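# Examination of the molecular architecture
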Amino acid sequence: MKLIVGGSTGFVGDSTKLKSIIYDNFESYSNSVKRELEDTDACIWTIAVTPSKLKTVPFEDACEIFRDYAAIGIRALTDLYHDQDPPLHFIYISGHFVPRSPAEVPKELANSGLMNFGLMRGEAESRILAYAEHYKGSVQSYVAEPGLIEAPGRERQIIPELPNIDLREFVAALLDQVVNGLEKDTLLNNDMIRIKQRASGE
Ligand SMILES: NC(=O)c1ccc[n+]([C@@H]2O[C@H](COP(=O)([O-])OP(=O)(O)OC[C@H]3O[C@@H](n4cnc5c(N)ncnc54)[C@H](OP(=O)(O)O)[C@@H]3O)[C@@H](O)[C@H]2O)c1
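Keep in mind that what you see is a predicted model, and the values were worked out from it rather than measured.

## Some remarks on the overall build of the chain
- Of the regular secondary structure elements, the chain holds six helices and seven strands.
- For 202 residues, the compact-globule estimate of 2.2 N^0.38 gives 17 Å, and the chain sits close to it at 16 Å.
- Across its three principal axes, the chain shows a C-alpha extent of roughly 45 × 45 × 30 Å.
- Taking as baseline every contact in the chain between residues at least 6 positions apart, the subset at least 24 positions apart corresponds to 68%.

## Comments concerning the site of the ligand
- Not every one of the 21 residues close to the ligand is listed here, only the nearest: Thr-9, Phe-11, Val-12, Thr-50 and Arg-121.
- A distance of 3.1 Å separates an oxygen atom of the ligand from a polar atom in the backbone of Gly-7.
- A distance of 3.1 Å separates an oxygen atom of the ligand from a polar atom in the backbone of Ile-149.
- Here the residues of the shell around the ligand are counted per class, giving twelve nonpolar, seven polar and two charged.

## What about the side chain of Glu-108?
- By the element assignment, Glu-108 lies in helix H3 (residues 107-111).
- Leave out the neighbours within four places in its chain, and Glu-108 touches Phe-97, Pro-160 and Glu-161.

## Description of helix H6 (residues 189-199)
- Along H6, the residues classified as buried are Asn-189, Asp-191, Met-192, Ile-193, Ile-195 and Lys-196.
- Among the structural elements, strand E4 (139-145), strand E6 (164-166), helix H5 (167-180) and strand E7 (186-188) are those in contact with the buried residues of H6.
- One or two steps after H6, the chain reaches Gly-201, where phi turns positive at roughly 65°.

## Focus: the sheet that holds strand E2 (residues 42-45)
- Pairing in this open sheet of five strands is parallel, and the strands run E1-E2-E3-E4-E7 from one edge to the other. Each end of this open sheet is capped by a strand with a single partner; those strands are strand E1 (3-6) and E7. Adjacent strand axes in the sheet meet at a mean angle of 15°, parallel and antiparallel pairs treated alike.
- Sheet topology places strand E3 (residues 88-93) next to E4; six bridges connect them, and they run parallel. Of the residues in E4, the one forming a bridge with Leu-88 is Val-139.

## Remarks on the packing of helix H2 (residues 59-79) against helix H4 (residues 115-134)
- Where H2 meets H4, the closest approach of the two axes is 10 Å, and the angle between their N-to-C directions is 10°. As far as their axial angle goes, H4 and H2 are roughly parallel. Mapping the contact onto sequence places Phe-59, Ala-62, Cys-63, Phe-66, Arg-67, Asp-68, Ala-70, Ala-71, Ile-74, Arg-75 and Thr-78 in H2 and Asn-116, Phe-117, Met-120, Arg-121, Glu-123, Ala-124, Arg-127, Ile-128 and Tyr-131 in H4.
- Residues belonging to the contact of H2 with H4 are distributed by class as follows: twelve nonpolar, two polar and six charged.

How each quantity is defined
Residues numbered from 1 in each chain as written. Predicted model: local features only at pLDDT ≥ 70, side-chain atom pairs only at ≥ 80, totals over all residues. Heavy atoms only, no water. Helix = DSSP H or I, 4+ residues; strand = E, 2+ residues; numbered from the N terminus. Rg over C-alpha atoms; globule rule 2.2 N^0.38 Å. Contact = heavy atoms within 4.5 Å. Near = heavy atom within 4 Å. Polar contact = N/O pair within 3.5 Å; in protein donor to acceptor, adjacent residues only side chain to side chain. Nonpolar A, V, L, I, M, F, W, Y, C, P; charged D, E, K, R; others polar. Buried < 20%, exposed > 50% of the residue type's maximum accessible area, 1.4 Å probe, protein only. Pairing = 2+ DSSP bridges. Axes fitted to C-alpha atoms, helices over the stretch in contact; angles between N-to-C directions. Parallel < 35°, antiparallel > 145°, perpendicular 65-115°, else oblique.

Set out below in structure tokens:
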């Protein structure tokens, strides 16, 4: 299986075992990058700004990084996936409080001044899911909504109403789903803990 991790230099994507493809234009991929991406079976998309640094990024830039690059990424990978059976799996990593409509905005998001950001991410989720719906058959897209991701050596934070998940549990659950098929289009924090426990026979 050929798996692409978009954002492999980041906290979630980090792995020294991956082959790195470095590119500097996420709006238009060069031919050499396209060759590397050809016939990818699955992609875990983590390109983003880590939650603790969110407020340092202008909203317009955040829209590009969180939403537009992912939309361009799924389109490019679908175009470059020739086999189509089984379909390409694209998992967009999002977050626990992300709403898909103004009616769903949780008070935690509104109170922290992140309502527009949350709605933009919800729009990104919807676009990614709608893309696969439109191209039924050649690509299946999914969203993962983890809570706070913890890792050894990282300062533990407690945010009311925000569940947490260990980084290794999170990654193990995602890999399980990529290899064995995804059970539903939106994986919540508890789903990923359960999937990891089932996969490791706990
Ligand atoms: N960390 C958490 O506790 C947590 C919790 C819930 C959800 N999440 C979600 O998990 C996802 C990944 O978060 P993370 O903590 O791993 O983020 P991160 O450590 O900041 O990693 C982000 C990745 O995106 C890349 N990136 C950022 N800006 C870019 C740009 N303008 N152009 C191209 N690449 C760019 C970074 O590349 P460079 O290294 O080159 O900058 C890096 O590879 C996000 O969607 C986040 O919301 C994280």
